[in-house]
Structure formats: structure tokens, C-alpha cells
Amino acid sequence: KNEVEQSPQNLTAQEGEFITINCSYSVGISALHWLQQHPGGGIVSLFMLSSGKKKHGRLIATINIQEKHSSLHITASHPRDSAVYICAVAWGGAQKLVFGQGTRLTINP
Amino acid sequence: ETGVTQTPRHLVMGMTNKKSLKCEQHLGHNAMYWYKQSAKKPLELMFVYSLEERVENNSVPSRFSPECPNSSHLFLHLHTLQPEDSALYLCASSQDLSFSGNTIYFGEGSWLTVV
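In what follows, the accompanying structure is described. Treat the numbers as computed from the prediction; the structure is a model and nothing was measured. (Residues numbered from 1 in each chain as written. Chains lettered and ligands numbered in written order. Predicted model: local features only at pLDDT ≥ 70, side-chain atom pairs only at ≥ 80, totals over all residues. Heavy atoms only, no water.)

1. A closer look at unusual backbone geometry
Logical step 1: In this chain, Ser7 of chain A is followed by Pro8 of chain A through a cis amide linkage whose omega measures -10 degrees.
Logical step 2: Following the sequence through the fold, Pro8 of chain A ends up in the loop between strand S1 (4-7) and strand S2 (10-14).
Logical step 3: Here the amide bond leading from Thr7 of chain B into Pro8 of chain B is cis, since omega sits at -10 degrees, within 30 degrees of zero.
Logical step 4: For Pro8 of chain B, the location among the structural elements is in the loop between strand S1 (4-7) and strand S2 (10-13).
Logical step 5: Its identity is not glycine, yet Thr80 of chain B carries a phi of approximately 50 degrees, on the positive side.
Logical step 6: Checked against the element boundaries, Thr80 of chain B lands in the loop between strand S8 (73-79) and strand S9 (87-94).
Logical step 7: On the basis of relative accessible area, Thr80 of chain B is assigned to the partly exposed category, the value being 42%. (Helix = DSSP H or I, 4+ residues; strand = E, 2+ residues; numbered from the N terminus. Buried < 20%, exposed > 50% of the residue type's maximum accessible area, 1.4 Å probe, protein only.)

2. Some words on the pattern of salt bridges
Logical step 1: Under the definition given, this model contains three salt bridges over all chains.
Logical step 2: Between Arg58 of chain A and Asp81 of chain A there is a salt bridge, with the nearest N and O atoms lying 2.9 Å from each other. On the criterion of sequence distance, the pair formed by Arg58 of chain A in the loop between strand S6 (52-56) and strand S7 (59-64) and Asp81 of chain A in the loop between strand S8 (69-74) and strand S9 (83-91) is long-range, its members being 23 residues apart.
Logical step 3: Across the pair Glu44 of chain B and Lys41 of chain B runs a salt bridge, and its minimum N-O distance is 3.6 Å.
Logical step 4: Relative accessible area serves as the criterion here: at 30%, Glu44 of chain B is assigned to the partly exposed category. (Salt bridge = Lys/Arg side-chain N within 4 Å of Asp/Glu carboxyl O.)

Structure (C-alpha cells):
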């Protein structure tokens, strides 16, 4: 069984701050997904990565396979970034997706 | 707009009612999923369908009954639910069952309250 832990569980910051959300997992994986859940409930996929680093706009995701760890960074944070960020790992032949408990991010103006 | 549409968005039902949640995907995907999200808990997989065939039933009580009439539509039939079944129910789809090369697309979710 793969355990996925995210930290912190809650994060409040001021607009413009650099944000880091961490994800650790216990068993080797095929890929790691970062997802964003809006207050209304809908979930949007941000990144899927299996090595290295990906960047999309102000968002950057990195993964260290040896350390079994991934980080999601947000540069120049904005109130519209306020959401729950969820890490999910694909393992078991890549057909199982295990989710972390989420990190609730609040960006104040 | 993710290409996955769920209805209704909100549902309140009594414990003796029968209702259904509907999911439709316009992405041409072969795999569809039902997830349950309870307060302060990670998403829990309920059912997986691949090419309209159920491939996983994650020890879900029989009061939840899925149906996949074709690869674009997925239903979750609900009957004699309990108050602890109140949660957000999310439908998702992916190109196939592999998550190492495929993005997962979620609907907006159906907020269910059982009274």
C-alpha cells in the first residue's frame, strides 16, 4: 500500500509570497499528479510528472524519485490561487491512484 | 470546463429515497471513475469502468449501484442511504486505465446530503 503525506495541511500567506507545498510517498511510483480543487468542488489537473521539473505559468512542480518527494511551488501568489492542492501518486502498474489529504491554501490580498 | 459534466450539482435525499447521479464525458475517454470525498479525508475510489465494463468495485456497500451504458455516460444509483453517506461525489475520466501517461479529468462533483 502506498501512503501519501502532504504538508502543510493548511497554509495562509499574503499576496505575492512564494508558496511551497510538499508531498511524500512511501512506495516507488510510475507518476505523480498535482491537482487543484476549487471551493465549489471541481478538481483540475495541474501537472503529471515522473521525473525532474515542470513549469506552467507561475506554477512549478518538481519530483525527486530517490527521495520519494515532490514539491509544488507558486511564485507571486494571488488570491485566486486560494484552493486545495492535492497530490496523487500512480503505482501498482500505474493503474492505482492514491491521493494525499490535500493542502488548503489561502492567499490574502 | 474539463469536459466532464455531472448532474445534479446538489442533492438532498431522505434515507428511503432512490436517486441517481449522472456523469457525461465529451473527451472520448475509455475509462470512467466514481470517487467519494468526505470532509477532511482523501478521495476514495468507489468504482472503475473501462470500455463500459466494471473493472473495480472498491468494497462499496450495495446501496450504491453504478451503471455504465456506454463509454460516455456513467451513473451512480443511490437507494436507502445513510447520513454518513453525505459527501461530495466526483466523477472522473481518463484515456485508459494507466495513470503514468494520462491526465485524469474530474467533473464539478455532486454534493449529496442524506437526511
